[in-house]
2 protein chains.
Amino acid sequence: MARWFSEPWTDDIKFSVKINKRIFSKKSKYQKIAFYDSDELGRFFTLDGYMMANERDEFIYHEMMIHVPMSVNPEIKSVLVIGGGDGGSVRELTRYASIQSIDMVEIDEEVVRTCERYLPLTASKLRDPRVKLLFENGALYVRETGRKYDLIVVDSTDPYGAGTELFTADFYQNCFKLLSSGGILVNQHESPYFDEMKTIMQKTHAKLKKIFPIALVYQAFIPTYASGHWLFGFASKKLHPIDNFKPDIQKSLNIKTKYYNKKIHIASFALPNYVKQALIIDNPFFNNIK
Amino acid sequence: MARWFSEPWTDDIKFSVKINKRIFSKKSKYQKIAFYDSDELGRFFTLDGYMMANERDEFIYHEMMIHVPMSVNPEIKSVLVIGGGDGGSVRELTRYASIQSIDMVEIDEEVVRTCERYLPLTASKLRDPRVKLLFENGALYVRETGRKYDLIVVDSTDPYGAGTELFTADFYQNCFKLLSSGGILVNQHESPYFDEMKTIMQKTHAKLKKIFPIALVYQAFIPTYASGHWLFGFASKKLHPIDNFKPDIQKSLNIKTKYYNKKIHIASFALPNYVKQALIIDNPFFNNIK
């Protein structure tokens, strides 16, 4: 009999993929980690029952997370990745020779070690000499470190469990302090479609907007994330993702991408009316956001 | 016990929605028609087990199908809709006072009559005096009619059963002949992500490209269609969807949209690299397409 992995996108919506086998499962100190093999999505891994990355489309999420900010500020030299234990964001970052240091603060070492073993193409660059792995609480790290960064990538789970603190105003405030004057923060920003995620999207945007002079939302088609309409936040001290866009960076560096391109960069900031409406800050929803 | 409606997106992927009840089900001469009520998507209807439209997001599909061509040629006066039995495309068309006639050729009268009864907000404009309903085979109609049209909207099911003929080169060739010199054809163009639909996308584009001087693909986020990354074809005799775009048409006509806007129009034609690659006509895949 066929076995299926099912993920609840809401209480009333399920996404299911037929699996060949579960190849690993363990409860770490922070969460349940599992890896599965499937024909349709290749190998994928889950945290607490939610799909984090699969071989079929992880390139979309990771390319959009990294190449958007790198095309706005190609001077980025020092990067902080919060979360991102599968290594996909680091892999894309290491394609830029100009980047000198990548500090990755991932709370759960087991995620990194199992992804190195079971998702080696995603985790392929975690041993790059520029990468420093810190197995710590990201929210604590940004409160306490004195280091400055040009780019902070918040590659988190949803705001549950270990990920909760990475969606607070305090966390974003601390990130702001660590960023250089041309600094950019990008974060996974949930989805605008289903109600619960939409609420997180709204609150997250409201918080970033209060702290950063520039705070926008961009989107990508990620079929295996809830609704397939996935958002990223772009927040910065002074650089605007369209006005300061340097469209030929990847070409000049001979960086080949499977999803991202110049037109996609601009298009990803063009939001449907219903999403724009949900993000308007003088929406009554935003009164008293904590 | 909760009841679920499940749709296979591929043999290995399922999308499921919790339903309150099935409110109608009947096998018509052409297909099985069913209507369901759900909390998450409102009421929705299916043909042969595939979701066609739901109250939650049908606006996305129908707005993108209609407002894109109408913003390229606001002179459109006579429209042919093939399929589209739920009435959503007609509803959007009737918002343009400049349109004088809308012939809708839907093979299955039962779809129209049941949508009028069970999805009244979608089917709300089928009684508009400009609308003429013809319950005929669309492929035969375009072969035999002598009428000319400024816009042909191919609002079909997937190429199975009743929808098969609406994906053939003969059909597109006949549509071409019926179109005026500023004429545009738009069609539902499947999805680029899962293999089977990707193949249909490729073949459909190759056929349109051989017949129409201008043939492009555009996309929208439609969470309830397979992969959430849904495509439309734009084919025309001379008008280019970006070069000939008239961005202020909806504003001047005070047409309010929930998804479509000026930036979305342009952004929808910005395809990810992997989709562009799949559509390159000198791809060996395209040899001997019938």
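Residues numbered from 1 in each chain as written. Chains lettered and ligands numbered in written order. Predicted model: local features only at pLDDT ≥ 70, side-chain atom pairs only at ≥ 80, totals over all residues. Heavy atoms only, no water.

Asker: In this structure, what is going on with helix α1 (residues 58-72) of chain A? I would like to understand it.
Answerer: At 3.6 residues per turn, the α-helix brings residues three or four places apart onto the same side. All names here are of chain A. Along its 15 residues, α1 runs 22 Å from first to last C-alpha, staying within 8% of the 21 Å computed at 1.5 Å per residue. When the local axis directions of α1 are compared, the greatest deviation, roughly 25 degrees, occurs at M64. With 15 of 15 residues buried, α1 is to be regarded as a mostly interior element. (Helix = DSSP H or I, 4+ residues; strand = E, 2+ residues; numbered from the N terminus. Expected span 1.5 Å × (residues − 1). Bend = angle between axes of the 7 residues up to and from the residue. Buried < 20%, exposed > 50% of the residue type's maximum accessible area, 1.4 Å probe, protein only.)

Asker: Sorry, what's going on with the packing of aromatic side chains here?
Answerer: Given two aromatic rings, their pairing is described by the distance between the two centres and the angle made by the two planes. All names here are of chain B. Using the criterion set out here, one finds 39 aromatic pairs over all chains in the structure. Look at Y218 and F269: their rings are 4.9 Å apart centre to centre, the planes differ by 35 degrees, and that puts the pair in the tilted class. Placement of the pair is Y218 in strand β12 (residues 214-221) and F269 in the loop between α8 (262-267) and α9 (273-279), with a sequence separation of 51 residues. F269 carries the same exposure label as Y218, and that label is buried. Aromatic side chains Y225 and W230 sit 5.0 Å apart centroid to centroid with 65 degrees between the ring planes, which places their arrangement in the edge-to-face category. Taking the relative accessible area as the measure of exposure, W230 reaches 3% and is therefore buried. (Phe/Tyr/Trp six-rings, centres within 6.5 Å; stacked < 30°, edge-to-face > 60°.)

Asker: Quick question: what am I supposed to make of the relation of the copies chain A and chain B here?
Answerer: One chain copy maps onto the other through a rotation about an axis and a shift parallel to that axis. Superposing chain A onto chain B takes a rotation of 180 degrees plus a shift of 0.0 Å along the axis, which leaves an RMSD of 0.0 Å. As the rotation angle and translation indicate, the two copies are arranged about a two-fold axis. When each C-alpha of chain A is compared by its distance to the rotation axis, A267 of chain A comes out closest, at 2.1 Å. A symmetric contact is evident, with 100% of the interface residues of chain A recurring at the interface of chain B. (Least-squares fit on C-alpha atoms with pLDDT ≥ 70 in both. Contact = heavy atoms within 4.5 Å.)

Asker: Please explain the environment of S124 of chain B as it appears in this structure.
Answerer: Residues and elements named next belong to chain B. Relative to the helices and strands, S124 resides in the loop between α3 (109-118) and β9 (131-134). What makes S124 partly exposed here is its relative accessible area of 38%. For S124 and R91, which are 33 residues apart along the polypeptide, the C-alpha to C-alpha distance reads 6.6 Å.

Asker: Before we go on, may I ask you to explain the interface of chain A and chain B in this structure?
Answerer: By a widespread convention, an interface's size corresponds to the accessible area lost as its parts come together. At the junction of the two partners, chain A supplies 44 residues and chain B supplies 44 residues. In total, about 3,600 Å² of surface goes out of reach between chain A and chain B, with carbon and sulfur atoms giving 61% of it. By the criterion of area lost to chain B, the three top residues of chain A are D12, Y193 and F221 of chain A, representing 21% of everything that side buries. Linking chain A to chain B there are four salt bridges. For R56 of chain A, the salt bridge is made with D195 of chain B, and the minimal N-O distance between the two is 3.7 Å. Viewed at the interface, chain B and chain A are joined by 23 residue pairs in polar contact (both at pLDDT 80 or more). Of all elements in the fold, only β1 (3-10), β2 (13-19), α1, β12 (214-221), α8 (262-267) and α9 (273-279) of chain A reach the threshold of two or more residues within the side of chain A that touches chain B. Here the side of chain A that touches chain B gets six residues from one element, more than from any other, and that element is β2 of chain A. (Buried area = accessible area lost by both parts, 1.4 Å probe. Salt bridge = Lys/Arg side-chain N within 4 Å of Asp/Glu carboxyl O. Polar contact = N/O pair within 3.5 Å; in protein donor to acceptor, adjacent residues only side chain to side chain.)

Asker: Got a minute to help me understand helix α5 (residues 169-178) of chain A in this structure?
Answerer: Residues and elements named next belong to chain A. Buried within α5 are the following residues: F171, Y172, N174, C175 and L178. Seen end-on, α5 carries its buried residues on one side only, within an arc spanning 160 degrees. Those residues of α5 that are exposed and aimed more than 90 degrees away from the buried face are D170 and K177. (Arc of directions from axis to C-beta.)

Asker: How do you make sense of the packing of helix α5 (residues 169-178) of chain B against helix α6 (residues 195-211) of chain B when you look at a structure like this?
Answerer: Packed helix pairs are specified by the crossing angle of their axes together with the interaxial distance, meaning the distance between the axes. All names here are of chain B. Where α5 meets α6, the closest approach of the two axes is 10 Å, and the angle between their N-to-C directions is 35 degrees. In terms of crossing hand, the pair formed by α5 and α6 is right-handed. Residues A169, Y172, Q173 and F176 of α5 form the contact with α6, whose own contacting residues are T204, K207, L208 and I211. Residues that form the contact of α5 with α6 fall into these classes: five nonpolar, two polar and one charged. (Axes fitted to C-alpha atoms, helices over the stretch in contact; angles between N-to-C directions. Left-handed = near helix turned anticlockwise from the far one by under 90°. Nonpolar A, V, L, I, M, F, W, Y, C, P; charged D, E, K, R; others polar.)

Asker: I would appreciate a short explanation of the pattern of salt bridges in the present structure.
Answerer: Pairing of side chains with opposite charge becomes possible as their charged atoms draw close. One pass over the structure, following the stated rule, counts 28 salt bridges over all chains. In this structure, the salt-bridge partner of R147 of chain A is D103 of chain A, at a minimum N-O distance of 3.0 Å. On the criterion of sequence distance, the pair formed by R147 of chain A in the loop between α4 (138-144) and β10 (149-155) and D103 of chain A in strand β8 (residues 101-105) is long-range, its members being 44 residues apart. With a relative accessible area of 33%, R147 of chain A lands in the partly exposed category. We classify D103 of chain A as buried; its relative accessible area is 2%. Between D37 of chain B and R43 of chain B there is a salt bridge whose closest N-O contact spans 2.8 Å. Through salt bridges that share partners, E58, R91, E92 and R95 of chain A make up one connected network.

Asker: Could you clarify how one ought to interpret the sheet that holds strand β2 (residues 13-19) of chain B in this entry?
Answerer: Pairing in this open sheet of four strands is antiparallel, and the strands run β1(A)-β2(A)-β2(B)-β1(B) from one edge to the other. Lying at the two open borders of the sheet, with one neighbouring strand each, are β1 of chain A together with β1 (3-10) of chain B. On average, each strand axis in the sheet is tilted by 25 degrees relative to the strand beside it, whichever way the strands run. Here β1 of chain A runs beside β2 of chain A; their pairing, made up of seven bridges, is antiparallel. Paired with R3 of chain A across the two strands is I19 of chain A, which belongs to β2 of chain A. (Pairing = 2+ DSSP bridges.)

Asker: Would you mind going over the pairing of β2 of chain B with me for this structure?
Answerer: If a strand is regular, its side chains alternate between the two faces of the sheet. Of all seven residues in β2 of chain B, five are buried, a share of seventy percent or more. When β2 of chain A meets β2 of chain B, the two strands line up antiparallel, connected through five bridges. If you follow S16 of chain A over to β2 of chain B, its bridge partner there is K14 of chain B. Between the antiparallel neighbours β1 of chain B and β2 of chain B lie two residues.

Asker: How should the confidence of the model for chain A be read in this particular structure?
Answerer: Interpreting fine coordinate detail is not advised for predicted regions of low pLDDT. Looking at chain A, the pLDDT average stands at 95 and 97% of residues meet or exceed 70. On the interface metric, ipTM, the complex scores 0.96, and its pTM is 0.96. (pLDDT = per-residue confidence, 0-100.)

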